[in-house]
Amino acid sequence: MSKTVDTAVVGATGAVGEAMIEILEERNFPVGKLYLLASERSEGKRLQFRGQHVKVERLDQFDFNKAKLGLFSAGGPISEIYAPKAGKAGCIVVDNTSHFRMEKEIPLIVPEVNPHRLGDFRKHNIIANPNCSTIQMVVALKPIHDAVGITRINVATYQAVSGAGGGGVRELAGQTTAILNTKPVESKVMPVQIAFNAIPQIADFLDNGYTKEEMKMVLETRKILEDDDIQVNPTCVRIPVFFGHSEAVHFETKKPISVADTRQLLEKAPGVVMMEGNSYPTPALNAAGTDPVFVGRLRKDLSHPNGLSMWVVSDNVRKGAALNSVQVAELLLSEGHFG
């Protein structure tokens, strides 16, 4: 690719921001000028990109007329203020927060699933990146939905602490050390102790008894698969794993499909690695630090004639956030949206 794209990474010093920078380099995205943006407290910090040290600048002082692409991962309140400003300046924003995901005029894109909706960004110059747990699930379900239709999804997630940012990682490490040394445990990021525990709450509870994280999976899945009739019943659980979300996905299809035929669909699906036989992926040994969505334990549901079950694992910081954002940028580039 000869064309270069001046790129701004917003939230550059966070876990996802740093992963975005790493993936831009790994995938040889044609970055022209790279702008690393963060809050005042990170101003002047230097991060490495292609053998050079790039200084972090203040977001609140940046002129987005300088950038053609903005990769945002600094939290919803920040995106609410600065993503529209960037869009109006002609910078195409790929936003990793939940702020714009359910807005009708803003596309919610997973490149392996709904690339045909990419052009919908033009009105606001903003594209939303879905929730990490939604991304890996729809990548695995898309080929099945296309083939036989999916009517219902019952999913339990087992989500890594990195989904709560660097603070979640530090809290798990600190609590584990404290417990092993018979010292008291403090919980500041998680609602209760996460070390050696499982917490069936991610984000705040809503009036219907579900959490915000769970309702993201319901609403985002319908928007991405463009099917408001799909019934989604999620339970999201935080577990003491650093990187990599796991999901037990049980789904029902409109037409019956065999395990063998489903396996063939998944083996051909972009972004999916299908595990053989009784082998299965785990977050620590397969997902962490890698790009694919891994699928294993595919089997018929004993309780429903059109039901199947599978185990889905992926790195929540990479495919669940940074990688998906860069893949969206690559799609924009390939379709000539940077002029």
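Calculation notes
Residues numbered from 1 in each chain as written. Predicted model: local features only at pLDDT ≥ 70, side-chain atom pairs only at ≥ 80, totals over all residues. Heavy atoms only, no water. Pairing = 2+ DSSP bridges. Helix = DSSP H or I, 4+ residues; strand = E, 2+ residues; numbered from the N terminus. Axes fitted to C-alpha atoms, helices over the stretch in contact; angles between N-to-C directions. Contact = heavy atoms within 4.5 Å. Buried < 20%, exposed > 50% of the residue type's maximum accessible area, 1.4 Å probe, protein only. Left-handed = near helix turned anticlockwise from the far one by under 90°. Nonpolar A, V, L, I, M, F, W, Y, C, P; charged D, E, K, R; others polar. Parallel < 35°, antiparallel > 145°, perpendicular 65-115°, else oblique. Salt bridge = Lys/Arg side-chain N within 4 Å of Asp/Glu carboxyl O.

## Here's the deal with the sheet that holds strand E10 (residues 245–253)
Taking strand neighbours across the sheet as the criterion, the 6 strands line up as E9-E8-E10-E13-E12-E11 in an open arrangement whose pairing is mixed. Taken across any chain shown, the strands that pair with only one partner, and hence form the sheet edges, are strand E9 (231–238) and strand E11 (272–274). Averaged over neighbouring strand pairs, the angle between their axes works out to 20 degrees when direction is ignored. Across the sheet, helix H6 (residues 259–268) lies against E11, strand E12 (293–300) and strand E13 (307–314), angled at about 170 degrees from E12, the strand it touches most.

## Points about the pairing of strand E3 (residues 46–49)
Taking every second residue as pointing to the same face, the buried face of E3 carries Leu47 and Phe49, while none of Arg46 and Gln48 on the other face is buried. One ladder, built from 4 bridges, connects E3 with strand E4 (residues 52–58); its direction is antiparallel. Each residue of the ladder has a partner; that of glutamine 48, found in E4, is histidine 53. Taken together, E3 and the strand that follows it, E4, pair antiparallel across an intervening segment of 2 residues, in which arginine 50 is found at a positive phi of about 50 degrees.

## A few points about the packing of helix H3 (residues 132–148) against helix H5 (residues 212–225)
Here H3 crosses H5 at 35 degrees, and the two axes come no closer than 10 Å. The crossing of H3 and H5 is right-handed. Together, Ser133, Thr134, Met137, Val138, Lys142 and His145 of H3 and Glu213, Lys216, Met217, Glu220, Thr221, Ile224 and Leu225 of H5 make up the contact between the two elements. Among the residues forming the contact of H3 with H5, the class breakdown is 5 nonpolar, 4 polar and 4 charged.

## Digging into the packing of helix H1 (residues 15–26) against helix H8 (residues 318–334)
Where H1 meets H8, the axes come as close as 9 Å, and the angle between the chain directions of the two elements is 50 degrees. It follows from the interaxial angle that H1 and H8 lie oblique. For the crossing formed where H1 meets H8, the hand is right-handed. Contact residues: H1 offers Val16, Ala19, Met20, Glu22, Ile23, Leu24 and Glu26, while H8 offers Arg318, Ala321, Ala322, Leu323, Ser325 and Val326.

## Observations regarding the pattern of salt bridges
By the definition in use, this model includes 15 salt bridges. In this structure, the salt-bridge partner of lysine 319 is glutamate 112, at a minimum N-O distance of 2.9 Å. Of the two residues, lysine 319 sits in helix H8 while glutamate 112 sits in the loop between strand E6 (92–95) and strand E7 (126–128), which places them 207 residues apart along the sequence. A residue is classified by how much of its surface remains accessible, and lysine 319, at 2% relative accessible area, is buried. Residue glutamate 112 is classed as buried on the basis of its relative accessible area of 19%. In this structure, lysine 142 and aspartate 146 form a salt bridge, with 3.1 Å as the shortest nitrogen-oxygen distance.

## Topic: the sheet that holds E3
Spatial ordering of the open sheet is given by E3-E4-E2-E1-E5-E6-E7, a layout of 7 strands whose pairing is mixed. Edge strands, defined here as strands with exactly one partner in the open sheet, are E3 and E7. Ignoring strand direction, the axes of neighbouring strands in this sheet form an average angle of 25 degrees. Those strands touched by H1 are strand E1 (5–10), strand E2 (31–38), E3 and strand E5 (69–72), and its axis lies near 25 degrees from that of E3. Packing of H8 onto the sheet brings it into contact with E1, E5, E6 and E7, and relative to E6 it is tilted by some 155 degrees.

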